Amino acid sequence: MGRKLWLPLVLGVLATACGGTDEGAGDEAGGDRQTATDKGPLVVALPTEPRNLDPGSAGTDVMPVQRNILEPLVRVSEDGLIPVLATSWERVSETEWLFHLQEGVSFSNGKPFTAEAAAASINRVLDPATAADVLGAISSMEASAQSRYELLITTEEPNPILPIEMYLLPIAEPASVEGTNRARDPVGTGPYVVEEWRAGSHILLSRNDDYWGDQPEVENVRFVFRSASSVRAAMVETGEAHIAVTISPQDVSDAFETAKVMTIGTPFFRADAVCPTTSDIRVRRAINQALNREAIAEQLYGGAATPAHMIITPIIAGYTDEIRMPYDPEGAKALVAAARADGADLSHEMTIMIRENFPRNSSELAQVMQATLSDLGIASHIQTMGKGLWVGHAKVDQIPPDRCAIILSSHENASRDPAQTLQIYYHSSAAQVNVPDEQLDRMIEEAMALAPGPQRTAAMEEIFIYAHEELAPLIPVVHLQAIYGISPDIDWRPRSDGIIFVKDVSWN
Amino acid sequence: MLEFAVRRAGQSVLALLILLSVVFAVSRLTGDPANLYLPVTAPEEAREAFRQAFGLNDPFVVQFGRFVMGLLTLDFGESLYTGLPALQLVLQRLPATAVLAGTALVISVLVSIPLGLAAARRPGSLIDRLQQLVSLAGMSMPTFWLAILLIVVFAVTLGWLPTSGTGGWQHVVLPALSLAARPIGMLSQVARSGLLEQLKADHIRTAISKGMSERRVLARHALRNSLTPYLIVASDQILRLLNGSVVIEVIFGWPGIGSLTIEAVIARDFPVLLAIVFVVSVIIVAGNFIVDLIHAALDPRVRIVRA
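Please read all numbers here as calculations on a predicted model, not as lab measurements.

Asker: Which parts of the structure should I look at to understand the overall build of chain B?
Answerer: On a plain count of helices and strands, chain B comes out with 13 helices and zero strands. Each helix (α) and strand (β) of chain B, taken in turn from the N terminus, gives the series α-α-α-α-α-α-α-α-α-α-α-α-α. Across its three principal directions, the C-alpha atoms of chain B cover 85 × 55 × 30 Å. Intrachain contacts of chain B at a sequence separation of at least 6 include 71% that bridge at least 24 residues. Per element, the accessible surface of chain B, about 14100 Å² overall, is 70% carbon and sulfur.

Asker: It is not clear to me how the sheet that holds strand β6 (residues 141–147) of chain A should be interpreted in this structure. Could you clarify?
Answerer: Adjacent strands of a sheet pair through backbone hydrogen bonds, lying either parallel or antiparallel. All names here are of chain A. Spatial ordering of the open sheet is given by β4-β5-β7-β6, a layout of four strands whose pairing is antiparallel. Each having just a single partner strand, β4 (86–93) and β6 make up the two edges of the open sheet. Neighbouring strand axes in the sheet, compared pairwise and without regard to direction, differ in orientation by 25 degrees on average. Bridge count between β4 and strand β5 (residues 96–101): six bridges; the pairing is antiparallel. Paired with Ser-93 across the bridge in β5 is Glu-96. Packed on one face of the sheet, helix α3 (residues 115–126) meets β5, β6 and β7 (150–155) and runs near 170 degrees to β6.

Asker: What is the right way to read the pairing of strand β1 (residues 42–46) of chain A from this model?
Answerer: Looking along a regular strand, one sees the side chains alternate between the two faces of the sheet. Residues and elements named next belong to chain A. Within β1, five of the five residues are buried, which leaves it mostly tucked inside the rest of the structure. Neither face of β1 is left uncovered, since the one carrying Leu-42, Val-44 and Leu-46 and the one carrying Val-43 and Ala-45 both have all their residues buried. Note that β1 and strand β10 (residues 220–225) share five bridges and pair parallel. Note that in β10 the partner of Val-44 across the bridge is Phe-223. Of the strand pairs in this sheet, β1 and strand β11 (residues 243–244) are connected by two bridges, and their pairing is parallel. Along β11, the bridge assignment pairs Ala-45 with Ala-244.

Asker: What should I look at first to understand the sheet that holds strand β13 (residues 265–271) of chain A in this one?
Answerer: All names here are of chain A. Strand order in this open sheet of five strands is β16-β15-β17-β13-β18, and the pairing throughout is mixed. Each end of this open sheet is capped by a strand with a single partner; those strands are β16 (380–385) and β18 (474–476). Taking each pair of neighbouring strands and ignoring which way they run, the sheet shows an average axis angle of 30 degrees. Here seven bridges tie β13 to strand β17 (residues 405–412), and the two strands are oriented antiparallel to one another. Each bridged residue has a counterpart across the sheet, and for Arg-270 the counterpart in β17 is Ile-407. Across the sheet, helix α7 (residues 281–290) lies against β13, β17 and β18, angled at about 5 degrees from β18, the strand it touches most.

Asker: Explanation requested: a nonpolar patch on the surface in the structure shown.
Answerer: There is a patch of nonpolar side chains on the surface, built from Phe144(B), Trp145(B), Leu149(B), Val152(B), Val153(B), Leu158(B), Trp160(B) and Val247(B) and spanning about 680 Å² of accessible area. Under the relative-accessibility criterion, Leu158(B) is labelled partly exposed at 39%.

Asker: Explanation requested: the interface of chain A and chain B in the structure shown.
Answerer: Quite often, the size of an interface is put as the accessible area lost when its parts meet. The partner chain B presents 63 residues to the 55 residues of chain A that form the contact. A buried area of about 5000 Å², summed over both sides, lies between chain A and chain B, and 62% of it is on carbon and sulfur atoms. Applying the counting criterion to the chain A and chain B interface returns one salt bridge. Inspection of the chain A/chain B interface yields five residue pairs in polar contact (both at pLDDT 80 or more). For the side of chain A that touches chain B, the secondary-structure elements that each account for two or more residues are α1 (6–37), α5 (229–237) and α11 (387–394) of chain A. Partitioning the side of chain A that touches chain B into residue classes produces 23 nonpolar, 15 polar and 17 charged.

Asker: Please clarify how unusual backbone geometry should be interpreted in this entry.
Answerer: Negative phi is the rule for most residues except glycine; trans is the rule for most peptide bonds. Residue and element names in this part refer to chain A. Residue Pro-359 is reached from Phe-358 by a cis peptide bond, and omega for that bond is -10 degrees. In this model, Ala-131 sits at a positive phi of 55 degrees, which is unusual for a non-glycine residue. Position of Ala-131 relative to the elements: it lies in the loop between α3 and β6. You will see that Ala-472, though not glycine, has its phi angle at about 40 degrees, which is positive. Tracing the chain through its elements places Ala-472 in the loop between α14 (454–471) and β18. The class of Ala-472 is buried, set by a relative accessible area of 6%.

Asker: Explain the packing of helix α5 (residues 86–121) of chain B against helix α6 (residues 126–140) of chain B here, please?
Answerer: Relative placement of two packed helices is described by the angle separating their axes and the distance separating the axes. All names here are of chain B. At their nearest, the axes of α5 and α6 sit 8 Å apart, and the two run at 135 degrees to each other. In terms of orientation, α5 lies oblique with respect to α6. In this structure, the crossing between α5 and α6 has a hand that is left-handed. Counting all contacts with α5, which are made through Leu-115, Gly-116, Ala-118 and Ala-119, the residues of α6 involved are Ile-127, Asp-128, Gln-131 and Val-134. Looking at the contact of α5 with α6, its residues break down into five nonpolar, two polar and one charged.

Asker: Teacher, can you tell me more about the nonpolar core here?
Answerer: Looking at soluble globular proteins, one finds that nonpolar side chains tend to be buried together. Formed by 82 residues in total, the largest nonpolar core has its most connected members in Leu73(A), Phe99(A), Leu101(A), Leu151(A), Ile153(A) and Tyr426(A). It is α14(A) that provides the largest number of residues to this core, a total of eight residues. Apart from residues lying up to four places away in sequence, Leu101(A) is in contact with Leu73(A), Leu85(A), Ala86(A), Thr87(A), Phe113(A), Thr114(A), Ala115(A), Ala118(A), Tyr149(A) and Leu151(A). In terms of nonpolar packing, the next biggest core, distinct from the first, is built from 45 residues, Val224(A), Ala118(B), Ile127(B) and Phe252(B) among them.

Asker: Explain the environment of Asp185(A) here, please?
Answerer: Topologically, Asp185(A) is positioned in the loop between α4 (162–165) and β8 (192–198). For the pair Asp185(A) and Asp251(A), spaced 66 residues apart in sequence, the C-alpha to C-alpha distance is 34 Å.

What counts and what doesn't
Residues numbered from 1 in each chain as written. Chains lettered and ligands numbered in written order. Predicted model: local features only at pLDDT ≥ 70, side-chain atom pairs only at ≥ 80, totals over all residues. Heavy atoms only, no water. Helix = DSSP H or I, 4+ residues; strand = E, 2+ residues; numbered from the N terminus. Contact = heavy atoms within 4.5 Å. Areas by Shrake-Rupley, 256 points an atom, 1.4 Å probe, with all protein chains shown as cover. Pairing = 2+ DSSP bridges. Axes fitted to C-alpha atoms, helices over the stretch in contact; angles between N-to-C directions. Buried < 20%, exposed > 50% of the residue type's maximum accessible area, 1.4 Å probe, protein only. Patch = residues over 30% accessible without salt bridge, like charges linked within 9 Å, V, L, I, M, F, W, Y side chains within 5 Å. Salt bridge = Lys/Arg side-chain N within 4 Å of Asp/Glu carboxyl O. Buried area = accessible area lost by both parts, 1.4 Å probe. Polar contact = N/O pair within 3.5 Å; in protein donor to acceptor, adjacent residues only side chain to side chain. Nonpolar A, V, L, I, M, F, W, Y, C, P; charged D, E, K, R; others polar. Parallel < 35°, antiparallel > 145°, perpendicular 65-115°, else oblique. Left-handed = near helix turned anticlockwise from the far one by under 90°. Core = buried A, V, L, I, M, F, W, Y, C linked by side-chain atoms within 4.5 Å.

See the structure below:
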C-alpha cells in the first residue's frame, strides 16, 4: 500500500463509522417521527421506571402508570370527591362507612367487580404481611362485603375523612395480586391494561375495550424511562414523546408546550429541639426568618417553586394566609441576640442531614441552610446519606438527647386533608416530631374527629397557627412546581399529584 | 500451555469467590433495605413484615450461608424490587449491553487501528495531529456530556437519529459512539506508538534495506509485533466498556446491565446487585483469562515466565 493510500482509507473508515450510518438513519428516524404524530401510541417519558404496579404501591414512579389500570372507589380532585367505583357512601356509625358500588362493572379479565372482590383487594393491602407502602398513609380499617354491591369499611378509630383515604386504595382483581406488594400485572377495572412490560425499556398499555366508562381516545400508550431531564425534553422536541414528565427549567424550549403545576412536594427542615442550640424557640424562629425563600425559588429552582410558609400546600384544608414566613435577616439576628442574652447556649455545632438528591437540589438547600446558620452565628456541617441511613435518622421514636441535627425532608400529602400531615409531623405519638406538646395533641385529636367541612377546616387552621406561634417546629422551604413538556399534538394538562390519566388525553 | 490455563482458571474462580463475599458483606452495611423500599411514612409493622419476608432478620452468618448455598446452584434469590428471580433479571439485560458494547468495540477498532497507523506512518503530519486531537478529546471528554452533545446535534438539531431508547439499528448509533469515544482515543494512541516503535526496530530497517516493499514490511513484520500492546490495552478497554455502559445506558434509556446496576444500587436490591456482580465478574474474569491465553499464544515468553 502506497503512502498516499492511508489518508483516504482512514477518512473512509471514519465516514462509515459516522457519516455513512447517520445518512442511512435519516429516513428511518424521519419515519419514526411521522408515526409519533400519526396517532400511534401516546409516548410518555418518565424519569423513573415504576417499581411495580401493585395496588399497595403509591409514589410518583408508580402512580402515573398504575392509575390507568386500577381505579379507586373515590377520586380526589380539584372539585372535591368524585365517585368512581363507588356511586355513593354514607357513615353508618362512628366507625363504619358503607359504600354503594357501581353495578355491572367487570375487571379487564372478565371477572365481575363486586363488594367481595373490593374487600379482598383492600384487606390485602392493609395486611402488614403485604408490606404495602401506602400503609403509613391510611388508617387501620377492615373491609367486608354486606351484599353484592355494598362494601362496609370498619375503622379502628372514628375516621371522618375515610372516603378521602379510599383514593389511596385502588382496587385490583384479588387473584392477580397475591403475596407481597410487588404485583407487576394487576388486573383492574380501569380504561387500560398492561400489554407488555420490558424491564428497563418501556411499559405498553392498551385500551380496555370492555371498559365500563367512556372509551378514551388514546388507543395505546407507551411509558418510557429516561433519567436525564434534557433527554426527556429532547424527546418531546423531536416528536418521539408527547409528554415529558418533570423537566428542568433550563430544558424548556419554544419547540414544545410546557405546563407548570404545583406539586404536592414541599421540602422542609426540622431542627432538633433537644439540642441546646435550637431548643430556644427564638432560635428556631430566627432560622425561619433568615431563610431567603424567594432566592431559593428563583435561583435554585429556576422559578419552578414558590416560597412555602407551611409544609402543606394551599389546596389542603387548614392552609392559612395568617402564617407567613417573611425574610427578615436583621430581625432574625435580633432574635438570636435576645436568646443569647438570656443565656442560650448556641455553641453546639448543628449537623445538616440530607438525603442524596432528595428532594431535588438537596445538597444546594443544605448549603443555603449552612450559610443561613452561619449568618446567625451558628456553626454547622453537612452530612449527606443514602435513603436507608437517612430514614434511620429522620424517623426515630426518641431523638437521642445529645443530638444536634437539622434534617432536610420533604412532605407530600396527596389527600387534601391535613390528617396525614398532623399524624406524621405534629402529634407527639409520631416518630418524626421534634417538639412534643400536650395541648397540640389534644387539638389534633379533636380536629381529627370532625367531619370535613368549615368546622374541620377552621380547627385545622387553628392547629397550624398554634404550632407556628407556640412551637415553631418546622422550617418550610418552598412548594415545588413541576414543569411538563407537552407535544402540540395532544391536549392534556398535568395534575398536582403527578398522576397521568391517559383517558383525559385527546389528539389535536 | 495446559498447565498455564488450569492455573489461571483456578486463580480466577478464587478471585470471584472473594469478590462476591466482600460485596455481600459491604452491601449489608449500607442501611436497612426496609427503610429504602418502604416510604418514610410506612409503619413499623410493614417494615417488620418486609424484613421477615426477605430473611433480613436472620443473623448475618445465616444470610451469608444462604447466599453461598444459593451461589452453588446459581440461585441469587428474588429481586426485592420486582419479585423476579435476580439472575434471570440480569441475564435478560445482558444481550442489550452486549449489543451496545460490541458495537462500540467494533467502532473503536475500525477507527483506532487505521487512525493510529496512519498517524505513525507520517509523524507530525496533518493526520498525525488529527489523531492526537481525537485521542485527547476522546479520553478526556466526560461520557455523559458527549452523550448529551451527540443527542443535541444528531437527534434534535439534525434529526437524523432517535434521541434514545431501543428499536432499530439507528438507536444503537449514538450510545455506541458515546461509548466508543474513550477506547478510540486510547487505542489509536497505542496503535500509533506501537507501530512507531516497530518502525524504528532493526529488523524493519533490515527488511526495508533488503528492498522489501513497504506494504510487505508493514503487514508481515511491523503490524504483527505492534499488535501485542494493542491487544492488552484493547482487552482492558473492553472491560471498561462494561463500566462506561452504566452512564450511557442510563442516559439513553438502554435496557442493559448498566441501567439495571443503577436501579439496583439506588434501591439496595441486594439479590440483583449480587447477581450483577457475579455475572459481570464472570465476564471480566473469563475475558482476562481469554486475553491471557491469546497473549500467551502470540508471545511464547509469556508462557514460559508465567508458568
